[in-house]
Amino acid sequence: MRYRSIGRRHLSQLPQVRHLDPEQRLTLEAVSAVLPFKVNRYVVDELIDWDDIPHDPIYQLTFPQAGMLDPGDLERMRALVAANAPEDVVRCAAREIQARMNPHPAGQRKLNVPTVDGRRLEGSQHKYRETVLFFPSQGQTCHAYCTYCFRWAQFVGVQELRFASGEMRTLVEYLERHPEVTDVLFTGGDPMVMGAAILRRYIEPLLSARLEHVRSIRIGTKALSYWPYRFLTDSDADDLLRLFEEVTEAGKQLAFMAHFSHPRELGTAAVERAVRRVRGTGAVIRCQAPLVRHVNADAGVWARMWQRQVELGMVPYYMFVERDTGPKEYFKVSLARAYAIFSEAYSRVSGLARTVRGPSMSATPGKVLVDGITEIGGEKLFVLKFLQGRDPAWTNRIFFARFDRAAAWLDDLEPAGGETEFFFEPYLRAMEEGRWRPSWQHDRGEPAPADPAEEEVAAATGFSEAG
Ligand SMILES: *Cc1c(COP(=O)(O)O)cnc(C)c1O
């Protein structure tokens, strides 16, 4: 099997698509002009059940759906495509719709970019003390695109795929000065679209003696789901696995963060063989995915998926809440329902699969777990908990929000017990205004700024405990 991507321009080459009715084909073309679309023959031939269109979960996962656009926008795009409008007219209409779909959620670009001597380290994020995220420039695409992808905006923009040689040097410099960092997480896109030789240029520098404190190299990828041949028959598959082995031999963990959305993705001979080969290098495969309507919003699906992951020697890790971006209305699951699905699935598997945590929101203040729904003093509440916080002091801290049946994201929630805001909100405000950073982000020797929560109380009351 040789990899070849199939995009909007190649839709009519797929025999399965040629068999769809003309209305469905028109919708495919219209929606894929606005939102990213890419598949390959493995996804089309081995994962999708074409007798169950449009309900098939992998079809929903990879092919654009009518419900992903507002009805008005859909009609406008369908009309343009049906009239064979010039490509720049189609693109212009698409841009306008994209701009209304919250393309850059959760303050990603502004708040999390690390610096070395005032130089911004573009292509990376450092939000939680232990882990630096790195987006290698050649790894910013995928073997196929998920319809619900929260990074969808980058796939409809213009791609720039060149090796910025300074990129890795600056990252190493940053890491040398940050002994608190134990993990470097390569993400994208999908770093597994890179050739082994290029990936080696990113990974080898992290094995140097000066970066002894970097203990785990993580790779966030959906290649096991969308292109398991990456580890089997691609021309550099053996080189890639050899590189994983070298990480293990250096005494570090190669943490393979696999994105699996549905047990169907674990059911082919190719994926089983690929999992065995990756595990054979000493890498540990952890599995995570968002909970998404039309794809996996079902307790049985998650229970079967976690069970199968354990059988294949993988570790269930996170169930995420789908982010508030792109076609969120089509895919969203309320927090109450997410909690019910998680709890039901969790109750159906043994402790071996209960390494998974969720449902978890990767929100601006941190990773927030919906840990329960309860009642205190007659008030129905969500019990929430920080799995990760911008300030490590927030980790494992619980807090409460008023129960709201429709809420689907942290921003939809109100604090419980008559509070006017959540405890972390003064800190986030101060951070956005440049008045505060968590203590681990201070350069050594720099005095820590005043606590913004106490400062705001002092300003409001004219009274400060510190005097
Ligand atoms: C999830 C995430 C991490 C990793 O968190 P773990 O809980 O250690 O897996 C790191 N950085 C960001 C920005 C994240 O969203």
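Now for a look at the structure at hand. (Residues numbered from 1 in each chain as written. Predicted model: local features only at pLDDT ≥ 70, side-chain atom pairs only at ≥ 80, totals over all residues. Heavy atoms only, no water.)

**Digging into the packing of aromatic side chains**
Here's step 1: Inspection of every chain in the model, using the stated rule, returns 33 aromatic pairs.
Here's step 2: Where Phe244 meets Phe256, the ring centres are 6.1 Å apart and the plane angle is 70°; that geometry is what we call edge-to-face. A residue pair is termed long-range when its members are at least 10 positions apart, and Phe244 in helix 12 (residues 237–249) and Phe256 in strand 7 (residues 253–259) qualify at twelve residues.
Here's step 3: Classification of Phe244 by relative accessible area gives buried; the value is 0%.
Here's step 4: A centroid spacing of 4.9 Å and a plane angle of 80° characterise the contact between Tyr330 and Phe331, whose relative ring orientation is edge-to-face.
Here's step 5: By relative accessible area, which is 0% here, Phe331 ends up buried.
Here's step 6: Connected via pairs of aromatic rings, a cluster forms that spans Phe386, Trp394, Phe399, Phe422, Phe423, Phe424, Tyr427 and Trp436. (Phe/Tyr/Trp six-rings, centres within 6.5 Å; stacked < 30°, edge-to-face > 60°. Helix = DSSP H or I, 4+ residues; strand = E, 2+ residues; numbered from the N terminus. Buried < 20%, exposed > 50% of the residue type's maximum accessible area, 1.4 Å probe, protein only.)

**Focus on the pattern of salt bridges**
Here's step 1: This model, assessed by the stated rule, comprises 33 salt bridges.
Here's step 2: Taking the shortest distance from any N to any O, the salt bridge between Glu249 and Arg242 comes out at 3.4 Å.
Here's step 3: A residue is classified by how much of its surface remains accessible, and Arg242, at 35% relative accessible area, is partly exposed.
Here's step 4: Between Arg429 and Glu421 there is a salt bridge whose closest N-O contact spans 3.0 Å.
Here's step 5: Arg429 gets classed as partly exposed once you look at its relative accessible area, which sits at 29%.
Here's step 6: A residue is classified by how much of its surface remains accessible, and Glu421, at 24% relative accessible area, is partly exposed.
Here's step 7: It is possible to trace a salt-bridge network through shared partners that takes in Arg200, Glu204, Arg242, Glu245, Glu246 and Glu249. (Salt bridge = Lys/Arg side-chain N within 4 Å of Asp/Glu carboxyl O.)

**Concerning the sheet that holds strand 12 (residues 379–389)**
Here's step 1: With mixed pairing, the eleven strands of this open sheet are ordered in space as 3-4-5-6-7-8-9-10-11-12-13. Since the sheet does not close on itself, it has two edges, and those belong to strand 3 (124–128) and strand 13 (398–402), each with one partner. When the angles between neighbouring strand axes are averaged without regard to direction, this sheet yields 30°.
Here's step 2: Pairing of strand 7 with strand 8 (residues 284–291) involves five bridges; the strand directions are parallel. In the strand pairing of strand 8, Ala255 is matched with Val284.
Here's step 3: The sheet strands contacting helix 10 (residues 196–203) are strand 4 (131–134), strand 5 (183–186) and strand 6 (216–221), and the helix crosses strand 6 at an angle near 140°. (Pairing = 2+ DSSP bridges. Axes fitted to C-alpha atoms, helices over the stretch in contact; angles between N-to-C directions. Contact = heavy atoms within 4.5 Å.)

**Remarks on the site of the ligand**
Here's step 1: Looking at the ligand, the residues that line it are Lys127, Tyr128, Thr131, Leu133, Arg218, Tyr317, Tyr318, Lys367 and Gln388.
Here's step 2: Within the side chain of Tyr317, one N or O atom sits 2.7 Å away from an oxygen atom of the ligand.
Here's step 3: Taking Tyr318, its side chain carries an N or O atom lying 2.6 Å from an oxygen atom of the ligand.
Here's step 4: Calculation on the ligand without its partners gives an accessible area of 380 Å², and the protein chains cover 86% of this total.
Here's step 5: Secondary structure elements with two or more residues in the shell around the ligand: strand 3, strand 4 and strand 9 (315–321).
Here's step 6: Split by residue class, the shell around the ligand holds four nonpolar, two polar and three charged. (Near = heavy atom within 4 Å. Polar contact = N/O pair within 3.5 Å; in protein donor to acceptor, adjacent residues only side chain to side chain. Areas by Shrake-Rupley, 256 points an atom, 1.4 Å probe, with all protein chains shown as cover. Nonpolar A, V, L, I, M, F, W, Y, C, P; charged D, E, K, R; others polar.)

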